[in-house]
Amino acid sequence: ESVTAITDYVTTRWYRAPEVIVGWSSYTSAIDMWAVGCILAELVARAPLFPGENTMKQLGLIIRLMGSPSEGFIMRSNKSTFRYFIYFSYQNICFK
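First, a word on scope: everything that follows refers to the structure included in this document.

How each quantity is defined
What you see as residue numbers is a count from 1 along each chain, following the sequence as written. It should be noted that, the model being predicted, local features are given only for residues of pLDDT at least 70 and side-chain atom pairs only at 80 or more, the latter also being counted only at that level, while totals for whole chains, interfaces and linings use all residues. Where side-chain values are given, they derive from all heavy atoms of the structure, hydrogens and water being excluded. The definitions used throughout rest on a 1 Å grid laid over the protein atoms alone, on which a cavity is an enclosed set of points accommodating a 1.4 Å probe that cannot get out and a pocket is an open set flanked by protein within 12 Å on both sides along at least five of seven lines; lining residues are those having an atom within 4 Å of a point. Grid points are joined across faces, edges and corners, and a volume is the space filled by probe spheres set on the points. Helix and strand definitions here come from DSSP, where helices need a minimum of 4 consecutive H or I residues and strands a minimum of 2 consecutive E residues; each element is numbered from the N-terminal end. In this classification, the charged set is Asp, Glu, Lys and Arg, the nonpolar set is Ala, Val, Leu, Ile, Met, Phe, Trp, Tyr, Cys and Pro, and all remaining amino acids, among them Gly, are polar. Take the residue count of a helix, subtract one, and multiply by 1.5 Å to get its expected span. Contacts described as polar in this section are N or O atom pairs within 3.5 Å, which, within protein, must combine one atom able to donate a hydrogen with one able to accept it, while residues neighboring in sequence count only if both atoms come from side chains. Working definition: with a 1.4 Å probe on protein chains only, accessible area under 20% of the residue-type maximum means buried, over 50% means exposed, and in between means partly exposed. Two aromatic rings, drawn from Phe, Tyr or Trp (for Trp, its six-membered ring), form a pair once their centres lie within 6.5 Å of each other, and the interplanar angle then sorts them: stacked below 30 degrees, edge-to-face above 60, tilted otherwise. Patch criteria: residues need more than 30% relative accessible area and no salt bridge. Like-charged residues are merged within 9 Å; nonpolar side chains of Val, Leu, Ile, Met, Phe, Trp and Tyr are merged within 5 Å. Surface accessibility in these figures is a Shrake-Rupley result with a 1.4 Å probe; residues are shielded only by whichever protein chains are displayed. Salt bridges are counted wherever a side-chain nitrogen of Lys or Arg sits within 4 Å of a carboxyl oxygen of Asp or Glu. Definition of nonpolar core: a set of buried residues of the types Ala, Val, Leu, Ile, Met, Phe, Trp, Tyr and Cys, connected through side-chain atoms within 4.5 Å.

**Regarding the layout of surface pockets**
Line of reasoning, step 1. Of the voids in this model, the largest pocket is the one considered here, and its volume is about 190 Å³.
Line of reasoning, step 2. Around the largest pocket sit 14 residues that line it, and Pro-18, Glu-19, Trp-34, Ile-62 and Phe-73 are the ones nearest its centre.
Line of reasoning, step 3. Residue assignment for the lining of the largest pocket shows that the elements contributing at least two residues are α1 (18-21), α2 (29-45) and α3 (55-66).
Line of reasoning, step 4. Considering every element that reaches the lining of the largest pocket, the biggest residue donor is α3, with four residues.
Line of reasoning, step 5. Across the lining of the largest pocket, the residue classes tally to 11 nonpolar, two polar and one charged.

Here you go:
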C-alpha cells in the first residue's frame, strides 16, 4: 500500500484520525476509513461522534471512547505536546 505525506489540516477536525491529530507524517487508507466511520456514525446518531472544540479536546474525546493508545502510537507522534497530553493530562484538560 502506498504511503502519502500529509499535514494535520487535511480534514475537518471532527473527522480527523488520531494519527493525523498527533502529527504522523504519513498514512495509509486507514486514515480515510476513520473519516468515513465518523461520518457514518454521525448519520446514524444524527450528531457528531467526536465534536471537539479544539485539537486537544478532539483527541480527548477520541481517547475517552476508544481508550488509551499504545506506547508505540504515542512515541510515533511528531509533536511532544500530544505525547505529554496523552501520557499525563487529557482527563484534566478535556473533561472539566
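**Observations concerning α3**
For an α-helix, 3.6 residues make a turn, and residues three or four places apart therefore share a direction.
Line of reasoning, step 1. Here α3 is 12 residues long and its end C-alpha atoms lie 16 Å apart, about the 16 Å a rise of 1.5 Å per residue gives.
Line of reasoning, step 2. You can read the cap of α3 off the contacts: a side-chain oxygen lies 3.1 Å from the backbone nitrogen of Met-56, and it is on Asn-54.
Line of reasoning, step 3. Just downstream of α3 lies Gly-67, where phi reads positive at about 95°.

**Thoughts on unusual backbone geometry**
Line of reasoning, step 1. Here the phi dihedral of Arg-46 falls at roughly 60°; this positive angle occurs in a residue that is not glycine.
Line of reasoning, step 2. On the secondary structure map, Arg-46 appears in the loop between α2 and α3.
Line of reasoning, step 3. Relative accessible area serves as the criterion here: at 79%, Arg-46 is assigned to the exposed category.

**Overview of the packing of aromatic side chains**
In this description, a pair of aromatic rings is defined by centroid distance and the angle of the planes.
Line of reasoning, step 1. Going through the model one piece at a time under the given rule, you end up with one aromatic pair.
Line of reasoning, step 2. Here the aromatic rings of Trp-34 and Phe-50 are separated by 5.7 Å at their centres, their planes lie at 10°, and the arrangement is stacked. Within this pair, whereas Trp-34 is found in helix α2, its partner Phe-50 is found in the loop between α2 and α3, the two being separated by 16 residues in sequence.
Line of reasoning, step 3. Looking at Phe-50, the relative accessible area reads 2%, which means it is buried.

**Details of a nonpolar patch on the surface**
Line of reasoning, step 1. Residues Met-33, Val-36, Ile-39, Leu-40 and Leu-43 make up a contiguous nonpolar surface patch of roughly 490 Å² in combined accessible area.
Line of reasoning, step 2. Along the chain, Val-36 falls in helix α2.
Line of reasoning, step 3. The class for Val-36 is partly exposed, based on a relative accessible area of 38%.

**A few points about the nonpolar core**
Line of reasoning, step 1. Membership of the largest hydrophobic core comes to 15 residues, with the highest contact counts inside it found for Ile-21, Val-22, Phe-50, Leu-59 and Phe-82.
Line of reasoning, step 2. Elements supplying a minimum of two residues to this core: α2, α3 and α5 (80-94).
Line of reasoning, step 3. Take this core: its biggest share by element is five residues, from α3.

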